[in-house]
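# A look at the structure
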Amino acid sequence: MKLIPEQHTVPDSIELLFGNSSGTVADLQILNDDNVFDLAETTTTPGQELIITFINVIRFSGIAVKAYYTIAGGAAHSVQLQLFNEQTRQWDTQLTFEAGSGMNYRLTDISNFSDYITVAGKTRMRFYHAEQGNATHDTFIEYAALVR
Ligand SMILES: [Ca+2]
């Protein structure tokens, strides 16, 4: 038997538009190293928006993330994991994190990968909390990658 590892493309850079953060892009690049990016909600609308950019992307079949969303009381909010569709110029939701969902590794199939890659080979992913935020809520992100 021959074992062939999955090929992952890890983030090149991040941009925080809404929320507060503790951590760096390096926290997202290694799975199960206990370095976790803390995306803290603020009372803005949206409450969280973190854009994660991948470069030199040729193709991928899925996205892999290890993350969870936690709230201490408050409304039943959720956080969307989205990819930017270069054809429609819209963010497409691929995965929704409900509060208290646990720090789990999730692999999500993406069939129309070419819609999410620019001519220059860039793919943009974001964590997005559409509603007004609550400062006691956080998304903890341990890993994010595109899977070849
Ligand atoms: Ca990590």
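Scroll up a little and you will see the structure.
Let me sum up the structure you'll find in this document. (Residues numbered from 1 in each chain as written. Predicted model: local features only at pLDDT ≥ 70, side-chain atom pairs only at ≥ 80, totals over all residues.)

### Looking at the overall build of the protein
When helices and strands are tallied, the protein shows 1 helix and 11 strands. Put simply, the protein runs from its N terminus to its C terminus through helices and strands in the order β-β-β-α-β-β-β-β-β-β-β-β. The C-alpha radius of gyration of the protein comes to 15 Å, within 12% of the 15 Å expected for a compact globule of 148 residues. Over its C-alpha atoms, taken along the principal directions, the protein stretches across nearly 50 × 40 × 25 Å. Counting every position in the protein, which comprises 148 residues, the buried fraction comes to 30%. Of all intrachain contacts in the protein linking residues separated by at least 6 positions in sequence, the fraction that spans at least 24 positions is 76%. (Helix = DSSP H or I, 4+ residues; strand = E, 2+ residues; numbered from the N terminus. Rg over C-alpha atoms; globule rule 2.2 N^0.38 Å. Buried ≥ 20, exposed ≤ 12 C-beta atoms within 10 Å, placed from the backbone. Contact = placed C-beta atoms within 7 Å.)

### Examining the pairing of strand β9 (residues 104-109)
Little of β9 is tucked away, with 0 of its 6 residues classed as buried. One ladder, built from 6 bridges, connects strand β6 (residues 62-70) with β9; its direction is antiparallel. Residue pairing for β9: alanine 67 is matched across the bridge by asparagine 104. (Pairing = 2+ DSSP bridges.)

### Brief notes about the nonpolar core
Generally speaking, a soluble globular protein has its nonpolar side chains buried in company with each other. Of all hydrophobic cores here, the largest spans 28 residues; its most connected members are Phe127, Ile141 and Ala144. Elements supplying a minimum of two residues to this core: β4 (37-40), β5 (48-54), β6, β7 (78-85), β10 (123-129) and β11 (138-147). The contacts of alanine 144, once residues within four sequence positions are left out, are Pro11, Leu28, Ile52, Val65 and Met125. (Core = buried A, V, L, I, M, F, W, Y, C linked by C-beta atoms within 7 Å.)

### Here we look at the sheet that holds strand β2 (residues 13-18)
Spatially, β2-β5-β10-β7-β8 is the arrangement adopted by the 5 strands of the open sheet, whose pairing is antiparallel. Only two strands of the sheet have a single neighbouring strand rather than two, namely β2 and β8 (90-98). Each neighbouring strand pair of the sheet contributes to a mean axis angle of 20°, computed without reference to strand direction. (Axes fitted to C-alpha atoms, helices over the stretch in contact; angles between N-to-C directions.)

### Some points on the pairing of β8
Bridge analysis of β7 against β8 gives 8 bridges, and the strand direction is antiparallel. Bridge pairing links valine 79 to phenylalanine 97 in β8. What sits between β7 and β8 in their antiparallel hairpin is a turn of 4 residues, with arginine 89 showing a positive phi close to 60°.

### Some points on unusual backbone geometry
Backbone torsion omega between threonine 45 and proline 46 reads 0°, so that peptide bond is classified as cis. Within the element layout of this structure, proline 46 appears in the loop between β4 and β5. Non-glycine residue aspartate 34 carries a positive phi angle of around 70°. Tracing the backbone through its elements, the reader meets aspartate 34 in the loop between α1 (26-29) and β4. Even without glycine at this site, arginine 89 takes up a positive phi of about 60°. With respect to the secondary-structure elements, arginine 89 resides in the loop between β7 and β8.

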